[in-house]
Amino acid sequence: MQPYLIEPTDDLPIEFTGEEIGTGSSESLDGMRWTECRIYRTVGGRYVVVIEQDDEAENRDRMRAAERATPEEIVAWLRATNRGGALGRPAAVAVAAAAERDDGFAALRRKVE
């Protein structure tokens with residue numbers, strides 16, 4: 001566990017101690033634009049999610065973040081922040097990685113028989 005200070009572009013900072021449990025990125029081949037999603041679990045058992053978007057061509061960076069009590073709430077926030085209500089590739093990869101390290105995220109997997 002380590003301390004983190006997340007400073008979203010248009011919101012209050014989020015300070016916590018925890019661990020990163022999932023990350024996903026959509027870095028383009030030209031390296032000019034990308035979105036990165038990171039999911040953390042705090043020592044208190046809550047979750048923090050960060051979406052960072054960089055656009056080198058337009059010299060623009062944006063960071064959004066949220067703190068929630070459950071993995072379901074994290075996924076709902078990710079869907080709400082993405083056009084069309086889908087997770088998007090970086091978020092889907094981060095959620096899948098979190099499912100490997102956290103029982104709450106693992107329980108979200110769709111089971112088909």
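So, here's what we can say about the structure. All figures in this text were calculated on a predicted structure; none of them were measured in a lab. (Residues numbered from 1 in each chain as written. Predicted model: local features only at pLDDT ≥ 70, side-chain atom pairs only at ≥ 80, totals over all residues. Heavy atoms only, no water.)

### Considering the pairing of strand S4 (residues 47–55)
Most of S4 sits inside the fold, with seven of its nine residues counted as buried. Direction of pairing for strand S3 (residues 33–42) relative to S4: antiparallel, over a ladder of nine bridges. Along S4, the bridge assignment pairs Glu36 with Glu52. Where S3 hands over to S4, the hairpin turn is made up of four residues, of which Gly45 adopts a positive phi near 90°. (Buried < 20%, exposed > 50% of the residue type's maximum accessible area, 1.4 Å probe, protein only. Helix = DSSP H or I, 4+ residues; strand = E, 2+ residues; numbered from the N terminus. Pairing = 2+ DSSP bridges.)

### Structural notes on the packing of aromatic side chains
Scanning all chains against the criterion turns up four aromatic pairs. Look at Tyr4 and Phe16: their rings are 5.2 Å apart centre to centre, the planes differ by 20°, and that puts the pair in the stacked class. Of this pair, Tyr4 sits in strand S1 (residues 2–6) while Phe16 sits in strand S2 (residues 14–25), and the two are twelve residues apart along the sequence. Exposure class is identical for Tyr4 and Phe16. Each is buried. Centre to centre, the rings of Tyr4 and Tyr40 are 4.6 Å apart; their planes meet at 55°, and the pair counts as tilted. Placement of the pair is Tyr4 in strand S1 and Tyr40 in strand S3, with a sequence separation of 36 residues. For Tyr4, a relative accessible area of 17% puts it in the buried group. (Phe/Tyr/Trp six-rings, centres within 6.5 Å; stacked < 30°, edge-to-face > 60°.)

### Considering the side chain of Arg38
Residue placement: Arg38 occurs in strand S3. When its relative accessible area of 11% is taken as the criterion, Arg38 is described as buried. Reaching out from Arg38, the side chain makes a polar contact with the side chain of Glu36 at a distance of 2.7 Å. Filtering out sequence-adjacent residues up to four positions away, Arg38 remains in contact with Glu20, Gly22, Thr23, Val48, Val49, Val50, Glu52 and Met63. (Polar contact = N/O pair within 3.5 Å; in protein donor to acceptor, adjacent residues only side chain to side chain. Contact = heavy atoms within 4.5 Å.)

### Some words on the pattern of salt bridges
A full pass over the atoms with the stated rule returns seven salt bridges. The partner of Glu19 in a salt bridge is Arg101, and the shortest N-O contact between them spans 3.2 Å. With Glu19 in strand S2 and Arg101 in helix H2 (residues 89–101), this residue pair connects regions lying 82 residues apart in the sequence. Through salt bridges with shared partners, a single network forms among Glu19, Arg41, Arg101 and Asp102. (Salt bridge = Lys/Arg side-chain N within 4 Å of Asp/Glu carboxyl O.)

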